[in-house]
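A closer look at the structure
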Amino acid sequence: MSLKKNLHKLSLKIDSLSPAEGLAFLSDLFYGKVVFSTSLGQEDQVITQLIAAHQLPITIFSLDTGRLFPETLDLLARTESKYKTKIKVYYPERESVETLVDKIGINGFYESVENRKSCCHVRKVEPLQRALKGNSIWVTGLRAEQSANRLGMKKLEWDVVNNIIKYNPLLDWTYDQMLDYIETHQIPYNPLHDSNFISIGCAPCTRAIQPGEDPRAGRWWWEASKKECGLHGK
């Protein structure tokens, strides 16, 4: 099956399915070629639970940038233990990190958007490209209401950068709907969420948000940008 050519037909099918049904359908159709990238956020924890509960043949992977919160790494271990599953971890290339730090400094990402995006590319984008290589479906935990930049996304779309179909099973879920699911199914989550860290990334680049702030306001709070790292938009 030509991925891009048949995207419209697949989209019509996916739009009629629940997240669990969609994951099962795609993992069967593209057996062995479906991967899920988890940042251990609440949305991602929901998807991990769905994959584990239905024993779906979907590879789960995560990106350890080298600057993550200890709570995030602890959650990774707790998640593997609870669901008796293995999360494959990808790391940035050592030489690339050393070159980056030599060029901009250990915290040079605070100095400009260009520097920050260079850091994101080395620590996140390049490892992601390695993780996606050779696969057909990339499952993500994106939700439309997370940011204005994600409102126009579709559940199934073509990722032109990585030449892969991206599946966003929770795209139309609300924040409250997600929290209810986590509570009902007793899904482990990052304790930082209880301290108003809504969107959690690298420790130096993440802060808690204030009441009324956009959910992504805590990411790269010192800059005016689209609040993306290059994984899901520029």
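Within each chain, residues carry numbers counting from 1 in the order of the written sequence. The model is predicted, so local features are restricted to residues of pLDDT at least 70 and side-chain atom pairs to those at 80 or more, both for listing and for counting; the totals for chains, interfaces and linings are taken over all residues. Note: side-chain values were computed over all heavy atoms of the structure, leaving out hydrogens and water.

**Some details on the environment of Pro204**
In this structure, Pro204 sits in the segment after α7 (175–184). A residue is classified by how much of its surface remains accessible, and Pro204, at 12% relative accessible area, is buried. Throughout, a residue-residue contact means that at least one pair of heavy atoms, one from each residue, lies within 4.5 Å. Setting aside residues no more than four positions away along its own chain, Pro204 makes contact with Arg67, Phe109, Tyr110, Trp221 and Trp222. Working definition: helices are DSSP H or I runs of at least four residues, strands are E runs of at least two. Numbering for both runs from the N terminus. Buried means the residue's accessible area, taken with a 1.4 Å probe over protein chains only, is under 20% of the maximum for its type, while exposed means over 50%, and partly exposed covers the values in between.

**Considerations on the nonpolar core**
Residues enter a nonpolar core if they are buried and are Ala, Val, Leu, Ile, Met, Phe, Trp, Tyr or Cys, with the set joined through side-chain atoms within 4.5 Å. Within the largest apolar cluster, 34 residues are counted, with the highest numbers of intra-cluster contacts made by Leu23, Val46, Ile51, Ile137, Val139, Leu156 and Tyr167. Elements with a minimum of two residues in this core: α1 (7–14), α2 (19–29), β1 (34–37), α3 (42–53), α4 (70–83), β4 (137–139), β6 (164–167) and α7. Element by element, the count of residues in this core is highest for α3, at four residues. When neighbours within four sequence positions are excluded, Ile137 is seen to be in contact with Leu26, Phe30, Lys33, Val34, Val35, Ile164, Ile165 and Tyr167.

**A word on the sheet that holds strand β5 (residues 156–159)**
Only when DSSP finds a minimum of two bridges between them are two strands counted as paired. If you trace the six strands from one edge of the open sheet to the other, you get β3-β2-β1-β4-β6-β5, paired in mixed fashion. Bordering the open sheet on either side are β3 (88–90) and β5, each of which pairs with just one other strand. Each strand axis lies, on average, 30 degrees off the axis of its neighbour in the sheet, ignoring direction. Pairing between β1 and β4: three bridges, direction parallel. Along β4, the bridge assignment pairs Val35 with Trp138. Note on geometry: axes are C-alpha line fits, over the in-contact stretch for helices, and angles between N-to-C directions span 0 to 180 degrees. Its contacts with the sheet place α1 against β5 and β6, and it is angled at close to 150 degrees to β5. On the sheet, α3 packs against β1, β2 (59–63) and β4 and is oriented at approximately 145 degrees with respect to β1.

**Some thoughts on the environment of Glu145**
Examined against the element boundaries, Glu145 turns out to sit in the loop between β4 and β5. Exposure remark for Glu145: the relative accessible area of 38% places this residue in the partly exposed category. A C-alpha to C-alpha distance of 23 Å links Glu145 and His185, two positions 40 residues apart in sequence. Looking at Glu145, its side chain comes within polar contact range of the side chain of Arg143, at 2.8 Å. At a separation of 2.5 Å, a polar atom in the side chain of Glu145 contacts the main-chain amide nitrogen of Tyr175. Pairs of N or O atoms within 3.5 Å make up the polar contacts considered here, provided that, within protein, one atom can donate a hydrogen while the other can accept it, and that residues adjacent in sequence are counted only when both atoms are side-chain atoms.

**Remarks on the pattern of salt bridges**
When charged atoms on two side chains of opposite charge get close, those side chains can pair. For this document, the term salt bridge refers to a Lys or Arg side-chain nitrogen within 4 Å of an Asp or Glu carboxyl oxygen. For the coordinates displayed, the defined rule picks out 12 salt bridges. Across the pair Lys155 and Asp172 runs a salt bridge whose closest N-O atoms are separated by 3.3 Å. With Lys155 in the loop between β4 and β5 and Asp172 in the loop between β6 and α7, this pair connects stretches of sequence that are 17 residues apart. When its relative accessible area of 13% is taken as the criterion, Lys155 is described as buried. Where Arg207 meets Glu213, a salt bridge forms, and the shortest distance between an N and an O atom there is 3.0 Å. Classification of Glu213 by relative accessible area gives partly exposed; the value is 28%.

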